[in-house]
Amino acid sequence: NAGVMQNPRHLVRRRGQEARLRCSPMKGHSHVYWYRQLPEEGLKFMVYLQKENIIDESGMPKERFSAEFPKEGPSILRIQQVVRGDSAAYFCASSPTAMNTEAFFGQGTRLTVV
Amino acid sequence: AQSVTQPDIHITVSEGASLELRCNYSYGATPYLFWYVQSPGQGLQLLLKYFSGDTLVQGIKGFEAEFKRSQSSFNLRKPSVHWSDAAEYFCAVGGNNAGNMLTFGGGTRLMVKP
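Residues numbered from 1 in each chain as written. Chains lettered and ligands numbered in written order. Predicted model: local features only at pLDDT ≥ 70, side-chain atom pairs only at ≥ 80, totals over all residues. Heavy atoms only, no water.

Observations concerning the packing of aromatic side chains
- Taken as a whole, this structure holds 15 aromatic pairs over all chains when the rule is applied.
- Ring geometry for B:Y50 and B:F74: centres 6.5 Å apart, planes at 50 degrees, overall tilted. Taken together, the residues span a long stretch of sequence, with B:Y50 in strand β6 (residues 44–50) and B:F74 in strand β9 (residues 73–78) at a distance of 24 residues.
- B:Y50 gets classed as buried once you look at its relative accessible area, which sits at 6%.
- By relative accessible area, B:F74 is classed as buried at 0%.
- By the ring-pair criterion, three or more aromatic residues cluster together here, those being A:Y35, A:F45, A:F105, B:Y32, B:F34, B:Y36, B:F51, B:F90 and B:F104. (Phe/Tyr/Trp six-rings, centres within 6.5 Å; stacked < 30°, edge-to-face > 60°. Helix = DSSP H or I, 4+ residues; strand = E, 2+ residues; numbered from the N terminus. Buried < 20%, exposed > 50% of the residue type's maximum accessible area, 1.4 Å probe, protein only.)

Next comes the structure, spelled out in structure tokens:
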């Protein structure tokens, strides 16, 4: 059973471009969580999705950021018109249920905005 | 609002010495508590978790943690540190009304002297 797969591992974008980060959860996991880790900081929750639904997006910036988890395919975190401050590591985690279980983390996507 | 504090940003210990990493949390309900380890450029690996029951929790790699409700703490311990334990350690809290939407502490970077 493969772990949580994130790609790309590293992504470089120029200011103003779009960044698309992908997350394939573990097999059998229908709950996906995105976190952002700024340099020298801990992880901050961004959004929680279940198949085709956004459950909680309280940690998402109000503009430029969006997330989806379609019925088929990976979860996508999309950042439009990236700025230097978006440079961070973005981690995805998945779990089989919402509670009473741990979430498994991917290796992360390190976004650099130049 | 829930929060996690890891008071020690950096800790250096000698190989073979004992280790204790501190974690204090604030959470309005019964907490789920986690310790994760992150090596440079890598994702997060779960060391141990507490959901309920015995307040002394055993994890992987010889780590343990003790949940003390009266002190709102969940400190991580290891009796004898190995050079390979050098990494960043994160404490996190979730719960019945948050599931795997975790709040992380700022992390403690552990360095091990030979």
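Considerations on the interface of chain A and chain B
- Listed as interface residues are 24 residues of chain A and, on the opposing side, 22 residues of chain B.
- Across the chain A to chain B interface the summed buried area is about 1,700 Å²; carbon plus sulfur atoms make up 52%.
- When the buried area of chain A at its contact with chain B is split by residue, A:L43, A:E102 and A:F105 rank highest and sum to 28% of it.
- At the junction of chain A with chain B, the criterion picks out one salt bridge.
- With a shortest N-O distance of 3.4 Å, A:E102 and B:K49 are connected by a salt bridge. (Contact = heavy atoms within 4.5 Å. Buried area = accessible area lost by both parts, 1.4 Å probe. Salt bridge = Lys/Arg side-chain N within 4 Å of Asp/Glu carboxyl O.)

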